[in-house]
Protein chains: 2
Amino acid sequence: MEKRNPVERIEYELTTFIRRAVYLDNSEKKIGNLERSAYLLLRHLDEFGPARVKELAESFKLDISTVSRQAAALEAKELIIRFSDPADGRVSLFTVTKLGKQKLKADKKMRLKRFESITSEWSADEKQLFGDLLIRMNEAFFD
Amino acid sequence: MEKRNPVERIEYELTTFIRRAVYLDNSEKKIGNLERSAYLLLRHLDEFGPARVKELAESFKLDISTVSRQAAALEAKELIIRFSDPADGRVSLFTVTKLGKQKLKADKKMRLKRFESITSEWSADEKQLFGDLLIRMNEAFFD
DNA sequence: TATATATAGTTGTATTATACAACTATATAA
DNA sequence: TTATATAGTTGTATAATACAACTATATATA
């Protein structure tokens, strides 16, 4: 690995990261109690406010049928609630319930704790720069 | 997003990255021609030399039955070949074929090109540091 | 040496996440 | 008023995966 050029290393490490992160999300060692899909969905609603299925699907790059089922599952667990868009009868809007907020908060806390521990030896500058670069990478990667 | 602390941003961006990278890998816009699993398997054999199913499974954090099928599929496509371990008749070892090396090389090239383009505006230092931090993160994340 | 146990890998089966297609309900355009 | 477009749901197929049962081989033990 030492001989790689920087971009090769980035590619290598990110590919490895994805494989293992997906594993971790499905293993008993996963962070928190929510499925990754549930976590992302709740987080989106919590951050951006009520959203419809289509909007969520676009954000996650999933088919709306998939998100429709994910949302239905969260609704059944009473983590989100559905209400009709007064301006358009076809649209279902979802919002996070009190319970959903609790669960999200708890999971986020655990995830942050893990990331705090991972980066505990990093300098403030390193953390800052890493975050910046991730944002840039995400923007450039998906357009 | 601007209000987040650095670690929160790292958690946020990495979570987002995984979701979208998984999508990209399955979409028609994916990089290269190999499945992600095939790419990783070929890459491992190419880097570390002949390996058995168990070793690959441990490296990828997959069940050996899963890797056994992945390897069988690559064998059928003649990208890898199987040979018996002379020292242990139970063990199948795999190695990359000439064709496999070609395909791997072609895919790696495309992936690197993409990552080159993503990081084209980054300074050499930034690339270097990003790679270093990813390595550190991967090590700390999965032990 | 003969038998019991452990290991490597394969194959059968169930589950889950996903996409696509068919469908329903509603909205908009002609 | 009818045709078309859109939002979402539900049916169905596929693919990736884990776990369990099994086969073949190796190692340990009586």
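Residue numbering note: each chain is counted from 1, following its sequence as written. Chains carry letters and ligands carry numbers; both start at the beginning, A for chains and 1 for ligands, and go up in the order they are written. Predicted model: local features are reported for residues with pLDDT of at least 70 only, side-chain atom pairs are reported and counted for 80 or more only, and whole-chain, interface and lining totals are derived from all residues. Only hydrogens and water are set aside when side-chain values are computed; all heavy atoms of the structure are taken into account.

Residues and elements named next belong to chain A. Residue ranges assigned to the domains are those given by an automatic or database domain assignment. When cut into domains, chain A gives domain 1 (1–30) and domain 2 (31–141). Tallying the contact residues gives six residues for domain 1 and nine residues for domain 2. By convention, the term buried area covers the 1.4 Å-probe accessible surface removed from two parts as they join, with the contributions of both added. With both chains or domains summed, domain 1 and domain 2 bury close to 600 Å², and 45% of this area falls on carbon and sulfur atoms. Salt bridge criterion: a side-chain nitrogen from Lys or Arg within 4 Å of a carboxyl oxygen from Asp or Glu. Connecting domain 1 to domain 2 are one salt bridge. We note a salt bridge from Asp25 to Arg36, for which the minimum N-O separation is 2.6 Å. Only Asp, Glu, Lys and Arg are considered charged, only Ala, Val, Leu, Ile, Met, Phe, Trp, Tyr, Cys and Pro nonpolar, and every remaining residue, Gly among them, polar. Taken together, the residues of the side of domain 1 that touches domain 2 break down into three nonpolar, no polar and three charged. Only heavy atoms matter for contacts: two residues are in contact if any of them lie within 4.5 Å across the pair.

This next bit is on the packing of helix H2 (residues 36–48) of chain A against helix H4 (residues 64–76) of chain A. Residues and elements named next belong to chain A. To get an axis, a line is fitted to the C-alpha atoms, and for a helix only the part in contact is used. The angle between two axes follows their N-to-C directions and goes from 0 to 180 degrees. Secondary structure follows DSSP: runs of H or I at least 4 residues long count as helices, runs of E at least 2 residues long count as strands, and numbering of each begins at the N terminus. Where H2 contacts H4, the axes come no closer than 10 Å and their chain directions differ by 85°. On the basis of the axis angle, H2 is roughly perpendicular to H4. Only Val67, Gln70, Ala71 and Leu74 of H4 make contact with H2, whose side of the interface consists of Ser37, Ala38, Leu41 and Leu42. Residues belonging to the contact of H2 with H4 are distributed by class as follows: six nonpolar, two polar and no charged. Orientation categories follow fixed angle ranges, with anything under 35 degrees roughly parallel, anything over 145 roughly antiparallel, 65 to 115 roughly perpendicular, and all other angles oblique.

Our next topic: the protein's contact with DNA strand D. The local shell around DNA strand D holds 23 residues, among which A:Ser68, A:Arg69, A:Arg82, B:Asp63 and B:Ser65 are the closest. For this description, a residue counts as near a given molecule or strand if any of its non-hydrogen atoms is within 4 Å of it. Within 4 Å of the protein, the contacting atoms of DNA strand D are drawn from sugar and phosphate to the extent of 64%. Note that a phosphate oxygen of DNA strand D is positioned 2.8 Å from one of the backbone N or O atoms of B:Gly89. Broken down by secondary-structure element, the contributors of at least two residues to the surface near DNA strand D are helix H3 (53–60), H4 and strand S3 (88–96) of chain A together with helix H4 (64–76) and strand S3 (88–96) of chain B. Grouping the constituent residues of the surface near DNA strand D by class yields four nonpolar, seven polar and 12 charged. Polar contact criterion, stated in full: a pair of N or O atoms within 3.5 Å, where within protein one must be able to donate a hydrogen and the other to accept it, and residues adjacent in sequence count only if both atoms are side-chain atoms.

Attention now goes to the interface of chain B and chain A. When the parts of a complex come together, some accessible area is lost, and that lost area is often taken as the interface size. Listed by partner, the interface residues are 56 residues for chain B and 56 residues for chain A. By the criterion of area lost to chain A, the three top residues of chain B are B:Phe17, B:Arg19 and B:Phe141, representing 11% of everything that side buries. At the boundary of chain B with chain A, the tally comes to eight salt bridges. Among the salt bridges present, the one from B:Glu47 reaches A:Arg4, with a minimum N-O distance of 2.6 Å. Taken together, the links from chain B to chain A amount to 16 residue pairs in polar contact (both at pLDDT 80 or more).

With that out of the way, let us pick up the sheet that holds strand S1 (residues 51–52) of chain B. Backbone-to-backbone hydrogen bonds join strands into a sheet, with any given pair of strands oriented parallel or antiparallel. Residue and element names in this part refer to chain B. Here a strand pair is declared whenever DSSP counts at least two bridges between the two strands. Read from one edge to the other, the open sheet built from three strands follows the order S1-S3-S2, with strand pairing classed as antiparallel. What marks the edges here is a single partner per strand, and that holds for S1 and strand S2 (80–85). Two strands pair when backbone bridges link them, and S1 and S3 are joined in this way by two bridges, in the antiparallel orientation. Looking at S3, one finds that Arg52 is bridged to Leu93. Helix-sheet contacts for helix H2 (residues 36–48) involve S1, S2 and S3, and the interaxial angle to S3 is about 100°. Relative to the sheet, H4 contacts S2 and S3, its axis offset from that of S2 by approximately 115°.

The next subject is the protein's contact with DNA strand C. DNA strand C sits among 23 residues. The nearest are A:Asp63, A:Ser65, B:Ser68, B:Arg69 and B:Arg82. Among the atoms of DNA strand C close to the protein, meaning within 4 Å, 63% are from sugar or phosphate groups. Interatomic distance of 2.4 Å between a side-chain N/O atom of B:Arg82 and a phosphate oxygen of DNA strand C. Separating a base oxygen of DNA strand C from a side-chain N or O atom of B:Arg90 is a distance of 3.0 Å.

Scanning the entire structure with this criterion turns up 17 salt bridges over all chains. Across the pair A:Arg43 and B:Glu11 runs a salt bridge whose closest N-O atoms are separated by 3.7 Å. Taken as a pair, A:Arg43 in helix H2 and B:Glu11 in helix H1 (residues 6–26) lie in two separate chains rather than in one. The same class applies to A:Arg43 as to B:Glu11, namely buried. Two residues, B:Arg90 and B:Asp88, come together in a salt bridge whose shortest N-O distance is 2.9 Å. A simple rule labels every residue: compare its accessible area, found with a 1.4 Å probe on the protein chains alone, to the largest value its type can have, and call it buried under 20%, exposed over 50%, or partly exposed in between. A relative accessible area of 74% means that B:Arg90 is categorised as exposed. Overlapping salt bridges, with partners in common, bring together A:Arg4, A:Glu8 and B:Glu47 in one network.

Least squares is the method for superposing the copies, and the C-alpha atoms it fits come from residues with pLDDT of at least 70 in both. Of the two same-sequence chains, chain B is brought onto chain A (RMSD 0.1 Å, axial shift 0.0 Å) by a rotation of 180°. Here the transformation between the copies is reduced to the relation of a two-fold axis. In this assembly, 100% of the residues forming the interface of chain B have copies in chain A that are likewise at the interface, indicating an isologous arrangement.

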